[in-house]
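Coordinates in review
If you want the building blocks of each chain, they are given just below.
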Amino acid sequence: MAPSSTIPGRAGTVAQDLGAALLCVLVFWLPLDPPAQAETVLIAILVVGLLVRSWSPLPAFVLVAAATLAGAAAGMADDPFLAAAWTLYPVALRWGGRRFLPSIPVVLGVVIGLLMVTGPAGAEAVVRYAMMSLLALTAAWVLGAQVRRGRQAAEQATRAEKERAVAEERLRVVREVHDVVSHSLGTIAITSGVALHVGGDAEAMRGKLARIESASRRALDELRGVLRAVRDGGEGAERHPRLGVPDIPELVERSRQAGLPIAFTMTDVTGVPPAVGLAAYRIVQEALTNVARHAPGAHCRVSVSGAGGTVRVEIDDDGPRTAPTGGHPPGYGLIGLRERVELLGGSCTAGPRPGGGFTVRAAIPLEAADA
């Protein structure tokens, strides 16, 4: 059974086709002599073709065109193929293409030849009638083909937009998972390394193990939050607020407890939008993870400021950077940070300092992020 929502549209189309059929019959057929039996049959064929136009466009066009041609050849009607043009439009809408356009003049040339041979009127009237028919049919075909191309372009644009949204969502999830797992595992690795040198101090060992457990649980909670937000959409994000600027001091303190000496300052960060706050948090998280991984023991300075309508995040360290070992390629953390910041209309740079060490800087305008 057809959906109930399509019934009003189908009824409206049938009403339009019935109106076109009545208008065509009244204007082009009935004003002539009283209808004979043959004329009645042709009118019936024409009306049936117009009424089935919505269901079977091509058979409808064949019926209407044949009835119109027979009526014109027998002198029963002077319809310049307007009814046929009405049925040709859905044909072009469904199958229209430029490669079919040359066939229209060929068909009309055959029609002109038949009318000039069988038609009762003179050659001038026949040519005029054929040209009007050619104009009507060509206009219907071109209009239908153009509408078809427009719909196809709109469908392609919609499909491309959906694919782009899926790709962006995939990259967003990859960035979130990378940031969570990389930082948490880095913290666990550092704490475990320190615990190996604790020796027989059971109390210190318990403290290190407690921090490892805390980091593991926190990583699992953040991963669940990311996956829940992806699964539930906006509702999941609202029920489980994302990390932001207010969480940066706790992040810095955990890194200190893991063994990183950090000087930390944060000013003018009230009213920061959630997306900007999350980006700032991830920037600090990734930078501290890289310091712990590639420059263990280095002194680090973290600065977060929201003055001037721009959130600025700077992380500097004074330690040498160690290259990745074991044949592993460099990670994608900094690439993900740049993508995250650029999506918010900001900029992010990272690289070695002239005097030694490494710097990560990011600036995110609040107005662009709101937009």
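A short note on the pairing of strand β4 (residues 347-352)
Two strands pair when backbone bridges link them, and β4 and strand β5 (residues 358-365) are joined in this way by 6 bridges, in the antiparallel orientation. From the neighbouring strand, Pro-352 faces β5, where its bridge partner is Phe-358. Connecting the antiparallel pair β4 and β5 is a turn made up of 5 residues, with Gly-356 showing a positive phi of about 105°.

Considering the packing of helix α2 (residues 37-51) against helix α4 (residues 82-95)
Viewed as axis vectors pointing N to C, α2 and α4 meet at an angle of 25°, and their least axial separation amounts to 10 Å. Taken as axis vectors, α2 and α4 run roughly parallel relative to one another. Crossing hand, α2 versus α4: left-handed. Here α2 contributes Leu-46, Gly-49 and Leu-50 to the contact with α4, which in turn contributes Ala-83, Trp-86 and Thr-87. Its residues assigned to classes, the contact of α2 with α4 comprises 4 nonpolar, 2 polar and no charged.

Focus: α2
The end-to-end C-alpha separation of α2 is 21 Å, in line with the 21 Å expected for 15 residues at 1.5 Å each. Among all positions in α2, only Glu-39, Leu-42, Ile-43, Leu-46, Gly-49 and Leu-50 are buried. What you see down the axis of α2 is that its buried residues fit within an arc of 125°, all on one side.

Comments concerning the side chain of Thr-359
You can see Thr-359 is positioned in strand β5. Thr-359 sits in the buried class, given a relative accessible area of 6%. Side-chain polar atoms of Thr-359 contact the side chain of Asp-316, separated by 2.6 Å. With residues up to four places along the chain from it excluded, the contact list for Thr-359 reads Ile-315, Asp-316, Thr-349, Ala-350, Gly-351 and Arg-353.

Quick look at the side chain of Arg-282
Structurally, Arg-282 can be placed in helix α10 (residues 274-294). In this structure the side chain of Arg-282 is engaged in a polar contact, spanning 2.9 Å, whose partner is the side chain of Gln-285.

Points about the packing of helix α3 (residues 57-73) against α4
Packed helices, taken two at a time, are described by the angle their axes make and the gap between the axes. Two numbers describe how α3 lies on α4: the axes approach to 8 Å, and their chain directions differ by 155°. What the angle tells us is that α3 and α4 run roughly antiparallel. For α3 against α4, the interelement crossing comes out left-handed. Here Pro-57, Leu-58, Ala-60, Phe-61, Val-64 and Ala-65 of α3 come into contact with α4, specifically with Ala-83, Ala-84, Thr-87, Leu-88, Pro-90, Val-91, Arg-94 and Trp-95. Here the residues of the contact of α3 with α4 are counted per class, giving 12 nonpolar, 1 polar and 1 charged.

Quick notes on the pattern of salt bridges
Side chains carrying opposite charge are able to pair once their charged atoms draw close together. A complete count under the given rule lists 6 salt bridges for this structure. A salt bridge links Arg-301 to Asp-316; its shortest N-O distance comes to 2.3 Å. Placement of Arg-301 in strand β2 (residues 300-305) and of Asp-316 in strand β3 (residues 310-317) is noted, with a sequence separation of 15 residues between them. Judged by relative accessible area, Arg-301 falls into the partly exposed class, the value being 36%. Salt bridges sharing partners connect three or more residues here, namely Arg-301, Glu-314, Asp-316 and Arg-361.

Here is what the cut-offs are and how they apply
Residues numbered from 1 in each chain as written. Predicted model: local features only at pLDDT ≥ 70, side-chain atom pairs only at ≥ 80, totals over all residues. Heavy atoms only, no water. Pairing = 2+ DSSP bridges. Helix = DSSP H or I, 4+ residues; strand = E, 2+ residues; numbered from the N terminus. Axes fitted to C-alpha atoms, helices over the stretch in contact; angles between N-to-C directions. Parallel < 35°, antiparallel > 145°, perpendicular 65-115°, else oblique. Left-handed = near helix turned anticlockwise from the far one by under 90°. Contact = heavy atoms within 4.5 Å. Nonpolar A, V, L, I, M, F, W, Y, C, P; charged D, E, K, R; others polar. Expected span 1.5 Å × (residues − 1). Buried < 20%, exposed > 50% of the residue type's maximum accessible area, 1.4 Å probe, protein only. Arc of directions from axis to C-beta. Polar contact = N/O pair within 3.5 Å; in protein donor to acceptor, adjacent residues only side chain to side chain. Salt bridge = Lys/Arg side-chain N within 4 Å of Asp/Glu carboxyl O.

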